[in-house]
Amino acid sequence: MILGAGLDPWAWRLAELARTDVWKVDHPASQQDKRARLAEAAAVPRETDEGDRRGGGLPVLARAVRFTPVDFAVDDLGTASEAARHDPSAPTTWLWEGVVPYLTRDEVRATVAALAARTAPGSALVLKYQAPSANAAVGRLPTRVLGGSVTAGEPWRSVWRPRQTAALLAEHGLRVVADEDLLDLARTLGGPTRARASLRSGRGAVAESR
């Protein structure tokens, strides 16, 4: 279950997903853009008898791809997941990247509560969030004041310290087993580390259902 899927292409690229259903959860406008791009790439979705969305011209490597429109600010994730035929009794990997900073604290809490209610034993949550950082805040200020950047209209609405994140997840039966800043993760994985301040304030956490 990819929350804030955007232009994520994993279902079309990872053979490891051959036995996995993938839910692409995102804002309705973002999904419309994604599906238009798929159509341009000759991957026009077709609907199976079960309602699964699969690619046409481009091979879908996942077992099924299900587009699930959700505006996290106003829609209920649980209701949308139910409508998309997510099975809450089956172990689920929740992937939540690039979304949390743009939600209010109440919206983050509501999303965590909704996903936790559909999380079976053996499930996991991979979460990317933003920790408080004076350097990162100052770095984003000119784009908000002057515009001319894709981030100008997307202010951060919440930042979280690791202990706050762990406490929130624990309230809903999720235990954090790893939490590192993105700079350390980039170094470990051999990724680029040029944007050190941004990477240092971003964090990646993994939590497991109890």
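Going by the structure above, here's the rest.
Residues numbered from 1 in each chain as written. Predicted model: local features only at pLDDT ≥ 70, side-chain atom pairs only at ≥ 80, totals over all residues. Heavy atoms only, no water.

A. Fine view of the packing of aromatic side chains. The final tally for this structure, using the stated rule, is 0 aromatic pairs. Stacked on the ring of W160, the Lys or Arg R105 has its end atom at 4.1 Å from the ring centre. (Phe/Tyr/Trp six-rings, centres within 6.5 Å; stacked < 30°, edge-to-face > 60°. Lys NZ or Arg CZ within 6 Å of the ring centre and 35° of its normal.)

B. Looking closely at the side chain of Q130. Mapping Q130 onto the fold places it in strand β7 (residues 124-130). A polar side-chain atom of Q130 sits 2.6 Å from a polar atom in the side chain of S201. (Helix = DSSP H or I, 4+ residues; strand = E, 2+ residues; numbered from the N terminus. Polar contact = N/O pair within 3.5 Å; in protein donor to acceptor, adjacent residues only side chain to side chain.)

C. Up close: the pattern of salt bridges. A complete count under the given rule lists 11 salt bridges for this structure. Of the charged contacts in the structure, one is a salt bridge between D8 and K24, with a shortest N-O distance of 3.5 Å. With D8 in the loop between β1 (2-3) and α1 (10-13) and K24 in strand β2 (residues 21-26), this pair connects stretches of sequence that are 16 residues apart. We classify D8 as buried; its relative accessible area is 12%. Residue classification places K24 among the buried positions, given a relative accessible area of 1%. Among the salt bridges present, the one from R63 reaches D21, with a minimum N-O distance of 2.9 Å. With R63 in the loop between β4 (53-54) and β5 (64-69) and D21 in strand β2, this pair connects stretches of sequence that are 42 residues apart. For R63, a relative accessible area of 42% gives the class partly exposed. Among the charged side chains, a salt-bridge network with shared partners connects D181, D184, R187 and R200. (Salt bridge = Lys/Arg side-chain N within 4 Å of Asp/Glu carboxyl O. Buried < 20%, exposed > 50% of the residue type's maximum accessible area, 1.4 Å probe, protein only.)

D. Inspection of the pairing of strand β9 (residues 202-209) at higher detail. Burial within β9 is extensive, with 6 of its 8 residues counted as buried. One ladder, built from 7 bridges, connects β7 with β9; its direction is antiparallel. Bridging across to β9, A124 finds its partner in E208. (Pairing = 2+ DSSP bridges.)

E. Looking closely at the side chain of D21. Within the local environment of D21, its side chain forms a polar contact with the side chain of R63, the two groups lying 2.9 Å apart. Among the polar contacts made by the side chain of D21, one reaches the side chain of R66 at a distance of 3.4 Å. Excluding residues that lie within four positions of it along the chain, D21 makes contacts with R63, A64 and R66. (Contact = heavy atoms within 4.5 Å.)

F. Highlighting unusual backbone geometry. The residue R85 is not glycine, and still its phi comes out positive at about 65°. Tracing the backbone through its elements, the reader meets R85 in the loop between α3 (77-83) and β6 (93-96). Overall, the relative accessible area of 38% leaves R85 in the partly exposed class.

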